[in-house]
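A look at the structure
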Amino acid sequence: MAILEIYTGYVLGGVMISRTLFGTTPDGLLAYTYTLAAGSQEVVLTDFGAAITSISIPDAAGKKSDIVLGFDKLEDYFDNPACYGMTVGPSANRTDKAEVPLAGHIYHLPKNDGPTKQNNLHTDLEHGLHKRLWDAEIDEEANSVVFSLRLDDGTFGLPGNRSLHARYTLKEIPEGAELLLTYSCTSDMPTLVNMTNHTYFNLSGHDRGTVRNHLVQITADTYLPLREDCVSQGVMAPVAETPFDFRAPKYIGKDIDADNEQIHRAHGYDHCFCIDGYTPQGEPRLALLATGTKAELTILLTTPGAHFYTGNWLGDINAKDGAVYGPNDGFAFEPEFYPDFIHHPSWSQSCCDADHPYIESIVYRIRPREEPMRS
């Protein structure tokens, strides 16, 4: 079902935050999109999956380009294995044996990943946060939308009655816009929380093909190698003299086909980078700089790491504006605590309880550009 109607709007300094009917969920509930504007840039969100569906930026002539991958119709998000734009969690990435040892007990996540489906990926691929309708509240003064979701004790196999929130705030900055995403969770029992956003970017336009020609810099001296089943090996490896060295700007395509075991294992980049300078409850710090033909993207984060995925398995023929997405037509950069951290006590842990809420932030700074890029 396509966008149907403008439902209502909220005026903020002459800018309208609109809520638009998007369609009906499989449970018969109405889902909406929410459009935030700052200057000439727009961000469209949806309460289905607390997701980003569009980020539009203008060129010199005023023509807008959408730089994130996604769909026009709500029903296309129902079967969305790439998780385009979605909020993922409460346990993002892969967990060994789908087991969570916590407070003297082992909790069991759904087994949904690995050669024999022995591990867990993104908590629950069929019923997870990215497949749920969140409550939404508009904050006119902050130019924000706040999505909220409650999970009962035992949902997804994890303990605690949990209250989750995803706040998106858009503001104008010199020559562009800044989107601040803050995830938070409270729980009445100790529980694991590791939420992330799964937006795929193509900074030349969502329908413009490969991102191999994007220039990328990642502020990480180390990364996490994968086992054959793509679960973390549990060690931090230096990026120096490997295809994973993005400490200086480098085209994504330069080493994506390198003769390297880790590259072969993931069919490209699908690895967590250990972002420099982590401190618990710290301020957002620089993690990534990326450039395409239409936009420059800066990502700051508060988590220890971020998962860099170059869309190695993308394949959608019903995308926005009639686009077809194939491998490497977008990249995701997912701020997170290190995958499978719960089995590695020396790594930073992300467990919240009644006295220690979870709160982490992601900052997307987007600036239009009109300079030619290498093809």
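If you're wondering where the values come from, they're calculated on a predicted model, not measured in any experiment.

Considerations on the environment of Thr-303
You can see Thr-303 is positioned in the loop between β25 (295–301) and β26 (305–309). Between the C-alpha atom of Thr-303 and that of Thr-196, which follows or precedes it by 107 residues, the distance is 9.7 Å. Ignoring any residue separated from it by four or fewer positions in sequence, one finds Thr-303 in contact with Tyr-278, Arg-285, Pro-335, Glu-336, Phe-337 and Glu-360. Among the polar contacts listed, one links the side chain of Thr-303 to the backbone nitrogen of Glu-336, at a separation of 3.1 Å.

Quick look at the confidence of the model for the protein
Per-residue confidence for the protein gives a mean pLDDT of 94; residues scoring 70 or more make up 95%. Every residue in residues 1–14 is under pLDDT 50, and counting partners more than four places away or in other chains gives 36 contacts.

Quick word on the sheet that holds strand β23 (residues 270–275)
In sheet architecture, strand pairing relies on hydrogen bonds along the backbone and comes in two forms, parallel and antiparallel. Pairing is antiparallel across the open sheet formed by 6 strands, whose spatial order is β18-β27-β26-β23-β20-β21. The open sheet has two edge strands with one neighbour each: β18 (200–201) and β21 (237–238). Pairing between β26 and strand β27 (residues 331–336): 5 bridges, direction antiparallel. In the strand pairing of β27, Tyr-309 is matched with Ala-332.

Comments concerning the UniProt feature "binding site: beta-D-galactose" (unreviewed entry) in the protein
Under the present numbering, the feature "binding site: beta-D-galactose" (unreviewed entry) in UniProt falls on Asn-93, Arg-94, His-198, Thr-199, Tyr-200 and Asp-270. Structurally, the position occupied by His-198 is in the loop between β17 (196–197) and β18. For His-198, a relative accessible area of 4% translates into the label buried. For His-198, the residues in contact, after removing those within four places along its chain, are Ala-82, Cys-83, Tyr-84, Gly-85, Met-86, Val-88, His-122, Ala-332 and Glu-334. By the secondary structure assignment, Thr-199 is in the loop between β17 and β18. Note on Thr-199: relative accessible area 2%, which makes it buried. In this structure Thr-199 touches Ile-52, Val-68, Gly-85, Phe-331, Ala-332 and Phe-333, once residues within four positions along its chain are discounted. Within polar-contact distance, the side chain of Thr-199 engages the side chain of Asn-197 at 2.6 Å.

Here's the deal with the pattern of salt bridges
Here the structure, examined in full by the defined rule, presents 15 salt bridges. A salt bridge links Lys-64 to Glu-42, with the shortest nitrogen-to-oxygen separation between them at 3.8 Å. Taken as a pair, Lys-64 in strand β6 (residues 64–66) and Glu-42 in strand β4 (residues 41–46) lie far apart in primary sequence, 22 residues in all. Judged by its relative accessible area of 29%, Glu-42 falls in the partly exposed class. Between Arg-212 and Asp-257 there is a salt bridge, and its shortest N-O distance comes to 2.7 Å. Here Asp-257 lies in the loop between β22 (250–251) and α2 (261–266) and Arg-212 lies in the loop between β18 and β19 (215–218), a separation of 45 residues in the sequence. Each of Asp-96, Arg-227 and Asp-229 takes part in one network of salt bridges that share partners.

Focus: the state of the cysteines
What the rule picks out here adds up to 0 disulfides. Between Cys-230, a cysteine without a disulfide, and Cys-272, which holds the nearest cysteine sulfur, the sulfur-to-sulfur distance is 14 Å. The thiol of Cys-351 is not disulfide-bonded; the next cysteine sulfur, from Cys-352, is found 8.1 Å away.

What about the UniProt feature "active site" (unreviewed entry) in the protein?
Under the feature "active site" (unreviewed entry), the UniProt entry names His-198 and Glu-334. Despite a sequence span of 137 residues, these residues sit close together in the fold, their greatest C-alpha distance being 6.0 Å. Within polar-contact distance, the side chain of His-198 engages the backbone oxygen of Ala-82 at 3.3 Å. One can find Glu-334 in strand β27. Ignoring any residue separated from it by four or fewer positions in sequence, one finds Glu-334 in contact with His-122, Thr-196, Asn-197, His-198, Gly-305, Ala-306, His-307 and Tyr-309.

What counts as what
Residue numbers restart at each chain and count upward from 1, following the sequence in its written direction. Local features in this predicted model are restricted to residues of pLDDT 70 or higher, and side-chain atom pairs are both shown and tallied only at a pLDDT of 80 or more, whereas totals for entire chains, interfaces and linings draw on every residue. Only hydrogens and water are set aside; all other atoms, that is, all heavy atoms of the structure, feed into the side-chain values. Secondary structure elements follow DSSP: runs of H or I of four or more residues count as helices, runs of E of two or more count as strands, with numbering from the N terminus. Any two residues having at least one pair of non-hydrogen atoms within 4.5 Å are treated as being in contact. Side-chain atoms alone can form a polar contact between residues adjacent in sequence; in general such a contact is a pair of N or O atoms within 3.5 Å, and within protein one must be able to donate a hydrogen while the other accepts it. Per residue, pLDDT captures the predictor's confidence, and it can take any value from 0 to 100. We treat two strands as partners when DSSP finds at least two bridges between them. UniProt positions are given in the numbering used here, feature names are shortened, and annotations may be inferred rather than shown by experiment. The buried label applies to any residue whose accessible area, calculated with a 1.4 Å probe on protein chains only, is under 20% of its type's maximum; exposed applies above 50%, and partly exposed to all values in between. The term salt bridge refers to a pairing of a side-chain nitrogen on Lys or Arg with a carboxyl oxygen on Asp or Glu at a separation within 4 Å. Cysteine sulfur pairs qualify as disulfides if the two atoms are within 2.5 Å.

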